[in-house]
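Chain and residue survey
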Amino acid sequence: MKLISHINKLLILLLLSIGLGNPSVAALFDDWTDNQLCEWMDQPSPPEIIESLVSKRLISCSKGVAKQRGEVSNVLDGSYSFTLSRFNPSEGHKDIGKGVLEILDGKISVAKKPRWLDTSSTKYYNTFKGYIDTEGNIIASFEVNALQGKGSPRLVGFSGSMDELQIKGKFDDYFDMIIKIKPLKALKPIEPAKKVGEAANSFDGSYAFLLSNESDKGIQNIGSAQFIIKDGKISVARKYRYLDTSAISTYDTFEGVIDKEGNINVSFEFNPIRHMVEPKTIKFSGSMDSLQLRGGFDEIKSWDNNTKAYVLDENFYPSFYDVIIDFKKEKY
C-alpha cells in the first residue's frame, strides 16, 4: 500500500491549498522523504507546493518513486551555450533566453556573461543550480517566468542528459520549458596586457589590418585599414579606411605604442557591433610575435528613446564581445 494511503488526505490537501508562500506550512514538509513527495507528483495535477519542493530538492520522480541520482562527476566539466524556450502544442517553441552553462566539479551554474532573458531580469539566472553525473544525466532547477509582461518567476525543475543535449521542465499545465545545450567552443582568452616599455622605432613601417568582433554567435568582420608605426607610436592612416559599425572618423581616436620587444598597447574609442549602442574606449594588447591585438567590449549601453540617452542594458545578448585586430606588414 502506498505511503500516501496512510495520510489524512483531506488535511494534507487543506495544507497544500494554503500554498508554498506560507513558510510555516512549507516547513511541515521538511521531514517528508523524497518518495513521499514523488507519490504526490504521480497524481494527475500535483499541488504547486509539492512541485516546488521536488524542484528545490533536485529530485527526479518516476511512477511515484524518487529515482536514484548518480554520483556527481567532473567528466563533462566545461562551458556550454544554451537556449531557453517555452513550448505548447498550439504556439510551438518560443525562445525566451540565452546564456552559458558552466560545469565545474559536476555542479552547474549560469555564467555572468553573456546572458539574456526576455521574460524577467537576468538576475534570476543566479537561482540556477544543477548537477551532472558520470553518465551525463542532468537535474537542475531555476526560478523562471514563461510569460512576457505578466505572471512571475516560479521554481521549475529540469531533467535530461548530455546525450539529448537538452533538459526539460514544466512551468504549468500549459507551458513546457526547454533548455537546449551545445558545447561552447572556447574563445581564445585575452592575454593579460604586458607591460610595454619605452616606445622604440624597431618596427616602424606600414601594416594592413582587419578588425572583427567575436562572441558565441561567431565572428563578424567589421573594418579594415592601415596603421602606421613611426618612432614606436601607432596611428591609423587616412587612406584605405573602412568601418561598418561606427563613423570612419573614429579611427582618429586610435593611438598606441610599441616597444623594442614588439609588445603593443593600443586604445580606440568606437562601437564594435552592429547595434545602436554607446561607443567606448577599448584597450587592446598584443605583440609582433602574434600579429594580433585583442580587447573586450562589455557593460553595453543601448539607446533609450524615452530618456534620449544610452542606458545599461542587462538583457543585451551577447553581453560580451572579443574585439580583434589582425595585422601584417605591408611589402612595397
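1. Some remarks on the overall build of the protein chain
- Looking only at helices and strands, the protein chain has four helices and 22 strands in total.
- Expressed as a percentage of its 332 residues, the buried residues of the protein chain come to 44%.
- For the protein chain, the share of sequence-separated contacts (at least 6 apart) that also reach a separation of at least 24 residues comes to 52%.

2. A short note on unusual backbone geometry
- Its identity as a non-glycine residue notwithstanding, Asp 231 has a phi of 55 degrees, on the positive side.
- Within the secondary structure layout, Asp 231 lies in the loop between strand E13 (218-230) and strand E14 (233-236).
- You will see that Leu 291, though not glycine, has its phi angle at about 55 degrees, which is positive.
- Tracing the sequence through the fold places Leu 291 in the loop between strand E18 (280-287) and strand E19 (292-297).

3. As for the pairing of strand E5 (residues 107-110)
- Burial of E5 is one-sided: the residues Ile 108 and Val 110 facing one way are buried, the residues Lys 107 and Ser 109 facing the other way are not.
- With four bridges connecting them, strand E4 (residues 92-104) and E5 associate as antiparallel partners. Along E5, the bridge assignment pairs Leu 104 with Lys 107.
- Turn length for the E4-E5 hairpin, with the two strands adjacent in sequence and antiparallel, is two residues, and the turn residue Asp 105 shows positive phi of about 55 degrees.
- Pairing of E5 with strand E7 (residues 129-132), which is carried by two bridges, proceeds in the antiparallel orientation. Of the residues in E7, the one forming a bridge with Ile 108 is Gly 130.

4. Comments concerning the confidence of the model for the protein chain
- Per-chain confidence: the protein chain averages 84 in pLDDT, with 86% of residues scoring 70 or above.
- Below a pLDDT of 50 lies the segment residues 186-190, which in the model reaches twelve contacts outside its immediate sequence neighbourhood of four places, other chains included.

5. A short note on helix H4 (residues 48-57)
- Those residues of H4 that sit buried are Ile 49, Ile 50, Ser 52, Leu 53, Val 54 and Ser 55.
- Downstream of H4 by one or two residues, Leu 58 has phi in the positive range, about 60 degrees.

6. Observations regarding the pairing of strand E16 (residues 255-258)
- Burial along E16 is one-sided: Gly 256 and Ile 258 are buried, and none of Glu 255 and Val 257, which face the opposite way, are.
- The sheet contact formed by E14 and E16 spans two bridges and is antiparallel. Directly across from Ile 234, in E16, lies its bridge partner Gly 256.
- Counted along the chain from E16 to the antiparallel partner strand E17 (residues 263-270), the turn is four residues long, and its residue Gly 262 has a positive phi close to 90 degrees.

7. Concerning the packing of helix H3 (residues 34-41) against H4
- Where H3 contacts H4, the two axes come as close as 9 Å, and the packing angle between them is 135 degrees. Between H3 and H4, the angle is such that the two are oblique. Note on packing geometry: the crossing formed by H3 with H4 is left-handed. For the pair formed by H3 and H4, the contact residues are Asp 34, Leu 37, Trp 40 and Met 41 on the first element and Ile 50, Glu 51, Leu 53, Val 54 and Arg 57 on the second.
- The class makeup of the residues in the contact of H3 with H4 is six nonpolar, no polar and three charged.

8. Points about the layout of surface pockets
- Looking at the largest pocket, its volume works out to about 640 Å³.
- As for the largest pocket, its lining consists of 30 residues, of which Met 41, Val 54, Gly 157, Gly 169 and Lys 170 are closest to the centre.
- Contributions of two or more residues to the lining of the largest pocket are made by H3, H4, strand E8 (137-144), strand E9 (154-161) and strand E10 (166-170).
- Considering each element in turn, the lining of the largest pocket owes the most residues, six residues, to E9.

9. Re the packing of aromatic side chains
- Applying the stated criterion across every chain yields a total of 16 aromatic pairs.
- Summarising the aromatic geometry, the rings of Tyr 174 and Phe 175 are spaced 4.8 Å apart at their centres and angled 80 degrees between planes, so their arrangement reads as edge-to-face.
- The class for Phe 175 is buried, based on a relative accessible area of 6%.
- The structure contains a cluster of three or more aromatic residues connected by ring pairs, namely Tyr 207, Phe 209, Phe 227, Tyr 251, Phe 254, Phe 268, Phe 270 and Phe 327.
- The ring of Phe 171 is capped by Arg 154, whose NZ or CZ atom sits 5.7 Å from the centre of that ring.

10. Quick notes on the environment of Gly 130
- Position of Gly 130 among the secondary structure elements: in strand E7.
- The contact partners of Gly 130, leaving out residues within four places of it in the chain, are Leu 58, Gly 106, Lys 107, Ile 108, Ile 139 and Ala 140.

11. Quick look at the environment of Ser 120
- Here Ser 120 shows up in the loop between strand E6 (116-117) and E7.
- Along the sequence, Ser 120 and Gly 97 sit 23 residues apart, while their C-alpha atoms lie 9.7 Å from each other.

12. Concerning the pattern of salt bridges
- Tallying each qualifying case throughout the model produces seven salt bridges.
- Its salt-bridge partner being Glu 91, residue Arg 86 comes within 2.8 Å of it at the nearest N-O pair.
- The closest approach of N and O atoms between Asp 322 and Arg 294, which form a salt bridge, is 3.0 Å. Here Asp 322, found in strand E22 (residues 321-329), pairs with Arg 294, found in strand E19; they are 28 residues apart in sequence, far enough to count as distant.
- Note on Asp 322: relative accessible area 3%, which makes it buried.
- Judged by its relative accessible area of 7%, Arg 294 falls in the buried class.
- Sharing partners across several salt bridges, the network here consists of Arg 238, Arg 241 and Asp 252.

What counts and how
- Residues numbered from 1 in each chain as written.
- Predicted model: local features only at pLDDT ≥ 70, side-chain atom pairs only at ≥ 80, totals over all residues.
- Heavy atoms only, no water.
- Helix = DSSP H or I, 4+ residues; strand = E, 2+ residues; numbered from the N terminus.
- Buried < 20%, exposed > 50% of the residue type's maximum accessible area, 1.4 Å probe, protein only.
- Contact = heavy atoms within 4.5 Å.
- Pairing = 2+ DSSP bridges.
- pLDDT = per-residue confidence, 0-100.
- Axes fitted to C-alpha atoms, helices over the stretch in contact; angles between N-to-C directions.
- Parallel < 35°, antiparallel > 145°, perpendicular 65-115°, else oblique.
- Left-handed = near helix turned anticlockwise from the far one by under 90°.
- Nonpolar A, V, L, I, M, F, W, Y, C, P; charged D, E, K, R; others polar.
- 1 Å grid on protein atoms, 1.4 Å probe; cavity = no way out; pocket = protein on both sides within 12 Å on 5 of 7 lines; lining within 4 Å.
- Points joined across faces, edges and corners; volume = space filled by probe spheres on them.
- Phe/Tyr/Trp six-rings, centres within 6.5 Å; stacked < 30°, edge-to-face > 60°.
- Lys NZ or Arg CZ within 6 Å of the ring centre and 35° of its normal.
- Salt bridge = Lys/Arg side-chain N within 4 Å of Asp/Glu carboxyl O.

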